[in-house]
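# A structural walkthrough
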Amino acid sequence: MTPGAASGLPAVLAEVVIAFVMLVSPAQCETTQVPAAQQIYERTTRKTVTEVLEDVEFAISERNFRLTSQLHVGRGIRERDNIDFPDYEVILFCNLELARQMLELDPGYINYCPGRITVRRGGDTTHIAAPLLPELADQNEALALLVRGINAQMRAIVDFGTEYWARRNP
């Protein structure tokens, strides 16, 4: 089969595209250096996944972040494959004012948006984790201060998810 035949593109056009891609040198692409390993803040608790999710969602909203989405990865795998699979949850959230400040200082930080908390069950333990924003030695002072503040909030949200609270009677 000639290039492009399956997609309906003329073979000559497909060959031109392939040649162009091969000629573009890496030096012509702009890249940003990021830390090799992102720091993850993780805690564990004996609380159920449901209890942790409720507390984490409360902690997120109390800090003026808004939930943007929740991914039910474990449930999706259970339903698709019809197998027993533990809970894996991903909560995505954002504070637009903090995002604006951060992106004005360093547009590359869009790669860390939105905020993310993961909750997973392993045996009789629930793990709660959040990737933290990179705190780099060469950051300007305003960005470093903002990043430290956001990371403190992320740790507080994770910590709140591990705490045991007196449940109210309905």
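Note that the structure is a prediction, hence the values are computed from the model and not measured. (Residues numbered from 1 in each chain as written. Predicted model: local features only at pLDDT ≥ 70, side-chain atom pairs only at ≥ 80, totals over all residues. Heavy atoms only, no water.)

### Looking at the overall build of the protein
In terms of helices and strands, the protein carries five helices and five strands. Reading the helices (α) and strands (β) of the protein from amino to carboxyl end gives α-β-α-β-α-β-α-β-β-α. The 170 residues of the protein split such that 31% are buried. Considering only intrachain contacts with a sequence separation of at least 6, the fraction spanning at least 24 residues in the protein is 67%. (Helix = DSSP H or I, 4+ residues; strand = E, 2+ residues; numbered from the N terminus. Buried < 20%, exposed > 50% of the residue type's maximum accessible area, 1.4 Å probe, protein only. Contact = heavy atoms within 4.5 Å.)

### So, the sheet that holds strand E5 (residues 125–131)
Read from one edge of the open sheet, five strands run E1-E5-E4-E3-E2, paired in antiparallel fashion. Two strands bound the open sheet, and with one partner strand each, they are strand E1 (40–45) and strand E2 (66–72). Each strand of the sheet is rotated relative to its neighbour by a mean of 20°, with strand direction disregarded. Pairing geometry for E1 and E5, over six bridges, is antiparallel. Considered in E5, the bridge of Ile-40 is made with Pro-131. (Pairing = 2+ DSSP bridges. Axes fitted to C-alpha atoms, helices over the stretch in contact; angles between N-to-C directions.)

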